[in-house]
Every structure is written in C-alpha cells, then in structure tokens.
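# Observations on the three-dimensional arrangement
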Amino acid sequence: MNGTEGPDFYIPMLNNTGLVRSPYEYPQYYLASPAAYSLSAAYMFFLFVVGLPVNIFTIHVTLQSKKLRSPINYMQANVALANLFMVIGAFPTTIYSSMCGYFAIGRMGAIFEGFFCFICIIVSIWSVALMAIERVIIVYKPMSNFRFGENFSIMAVCFTWVMGCIASVPPLFGVARYVGEGIQNIGGLDYYTRHTNEPYIMYLFACHIWVPVTIMVLCSVCLLCAGKESETVQGRAESETTRLAVIMVITFLVSILPYAFTAWWLFTHRGAEYGPIFMTVPSLYAKSYAIYNPIFYFWVNKQFRQCTISTLCCGKNPMEEERSTSGHIHSSVSPA
C-alpha cells in the first residue's frame, strides 16, 4: 500500500515524514500547493455559476415546448436534471472544501459530494444509452412501426433514476463507502483500499458502466453504418436526430471515460503508487459535463435551439421572422 489509510479516509501518500493528517480535520496542503486548491475552487465555482441556470433552462424549455416531446429530448432533459442534481448537491461542497484545503464540514462532505456525483453519472450514462437504443430501433425498425411515445419516454426516465439509486445508495448504508479522492477536496467511491467491497465494485463497473458504454458504442456504430440508408428512407428530421444521438454519445464518452478508466485502474492495481493529482484531474474534468452538454446540445439541435430562442424572446423567434420576411420580399420582387 503506497498510501496512508485511516478511519474512513485514504491519502495517496506514505506517512514517512509524519505529515499526513485526516482530511476531515486538517488542511491537506502537503498534497498540493494552496494555489492548486484555489484553482480547483475557482473552476468549480465557474461550473456552478454556469451549470445552475443552463440546466434549469434546458429543463424548462423541454417541458414548455410541445415540439420537444420526443424521446431524445426527454433523455436530454433527464441528463440536465441529473446535472442539476449534481450542481446543487455536490458543487457547493467541493467549492467550500477546495477553499479550506480539506473537508471542513467533516466526512459528510465526502459522502455528499461522492453520492450526488455518482448518481448523476449513472443516470446520465443510462439516459444516453437508452437514447442510442431508441435511435437504432427507429432506423432499423426491428419491431415494425413501433415508436417510443411519451409514456415510454417517462418510463425510460424512471428507469434511469432507479438504476442510479441502485448503484449509489448502498454505500450510504455500509455496503461500500464514499471517501475523499485525489487532493482530498472531492469525494468518490472507495476503489483502492482494503475496505473495498470487491463484488459490489465489480458489479458497478460491469452493470452500470461497461454494459451501457458497450451499448452506446455498438448502437453508434450501427447508426453510422446506416447513415446512407437513413438519408433515403427517412426524412431529414429523423436523420438529423440520428446524427444528434451519435454526437451526444461521443461527447458523453469523451467526458466520462477518463474518470472511469482511472477508477478501474486504481481498483485493479490497488497498492500501486500514484500521485494525488492522478485522480483529481479526471474527476474535475468529468464534472464539466454538467455545463458543456446542454450548451453543446443547444448548438447541434436545431429544434431545441429554435425553442430556446423563442422562450428567451417571449414566444418570438427573430431569426425565423427575419428569414420569413426576406423570403416574402424575394417573392415580391421576383419577375412574373
């Protein structure tokens, strides 16, 4: 074990010099400079300030507009809800812990931060996986003309939260535990100590990470292979939705897989030597999904973008009005 293990914490540093202290009682500036903690606090504050209104507005627009009552938009709103859950429940704790240099509110800080972030990841990962499955069913039509309606979309949303609770709630009751990670300003599951519940961790990775990730990859490959066919058989709207689903899968994997692979490596190489920054950077990077996912969705989803602009402009879309006006003028001056 190339670290120091204590009651309910693990510090990725040997206590040969006697510097190591509990991350719930003392600042951890021996792991990183105070500037690193300040930078982490500033970054998390930025994610909080941007992520809170962006995700609230994404949910509001989706629920308000009847044009967005489709499975892919329901799943996107569900991801925004999970992100909002994380922004409100976890980010303030991370900001305060980073400002103090340790979990100033005690072990509950690590538990709150770890739980809210983990349930958000699981809900998001299953939402994106179901989004990809829905697109494959629409494109390949294995069940005749079956389509996911509003009831199926609501059931899918409920399913993602059930899976999220199944994965993240047991550590709250002693099945596993949430501890501080990296420089001890963020919380997460205990993957790397002798207290690790190996069957539970293996179940989490198998059922809630690798299975949905495999589904995403396979569905994306199928959709990309059917790209030419979809252009001729389906309308432009369905083709655009299919491309959108593939893009959302790719962006999600790019943000989450670094943290997932790092956690898996720590679990399979317990006792290996690694620095405190090794786990901190992937964790902070994964949290950025809370802001760039809805922003990116705004730019790539034309329908959602139009509804957003209409909502911001009190029901009017200046871009659409300008386009229709220019078209009217063009038709008026065209020769008979």
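The rules behind each value
Residues numbered from 1 in each chain as written. Predicted model: local features only at pLDDT ≥ 70, side-chain atom pairs only at ≥ 80, totals over all residues. Heavy atoms only, no water. Helix = DSSP H or I, 4+ residues; strand = E, 2+ residues; numbered from the N terminus. Buried < 20%, exposed > 50% of the residue type's maximum accessible area, 1.4 Å probe, protein only. Contact = heavy atoms within 4.5 Å. Areas by Shrake-Rupley, 256 points an atom, 1.4 Å probe, with all protein chains shown as cover. pLDDT = per-residue confidence, 0-100. Phe/Tyr/Trp six-rings, centres within 6.5 Å; stacked < 30°, edge-to-face > 60°.

### Focus on the overall build of the protein chain
- The number of helices and strands found in the protein chain is twelve helices and four strands.
- Split into buried and exposed, the 336 residues of the protein chain put 51% on the buried side.
- In the protein chain, the proportion of contacts linking residues at least 24 apart, taken out of those at least 6 apart, comes to 73%.
- Working note: accessible area of the protein chain is about 15700 Å², and carbon and sulfur atoms make up 69% of it.

### A short note on the confidence of the model for the protein chain
- When the pLDDT values of the protein chain are averaged, the result is 84; 87% of them are 70 or greater.
- Overall, residues 229-234 carries pLDDT values under 50, and its contacts beyond four positions in sequence, including any with other chains, amount to seven contacts.
- Overall, residues 324-336 carries pLDDT values under 50, and its contacts beyond four positions in sequence, including any with other chains, amount to zero contacts.

### A look at helix α3 (residues 91-100)
- Listed in full, the buried residues belonging to α3 are F91, T93, T94, I95, S97 and S98.
- Tucked inside the fold, the buried residues of α3 contact α1 (34-64), α2 (71-89), α4 (107-140), β4 (186-189), α9 (277-287) and α10 (289-300).
- Of the residues trailing α3, G101 is marked for its positive phi of about 85 degrees.

### Topic: the packing of aromatic side chains
- Evaluation of the coordinates by the stated rule reveals 22 aromatic pairs.
- Both rings, one in F85 and one in F116, keep their centres 4.9 Å apart while their planes meet at 65 degrees; by these two values the pair is edge-to-face. Taken together, the residues F85 in helix α2 and F116 in helix α4 connect sequence positions 31 residues apart.
- With a relative accessible area of 32%, F85 lands in the partly exposed category.
- Judged by its relative accessible area of 18%, F116 falls in the buried class.
- For the ring pair W126 and F159, a centre distance of 5.6 Å and an interplane angle of 85 degrees mean the geometry is edge-to-face. One end of the pair, W126, is in helix α4; the other, F159, is in helix α5 (residues 150-168), with 33 residues separating them in the sequence.
- Ring-pair connections join several aromatic residues into one group, and the members of that group are Y10, Y191, Y192, F205, W210, F261, W264, W265, F267, Y274 and F278.

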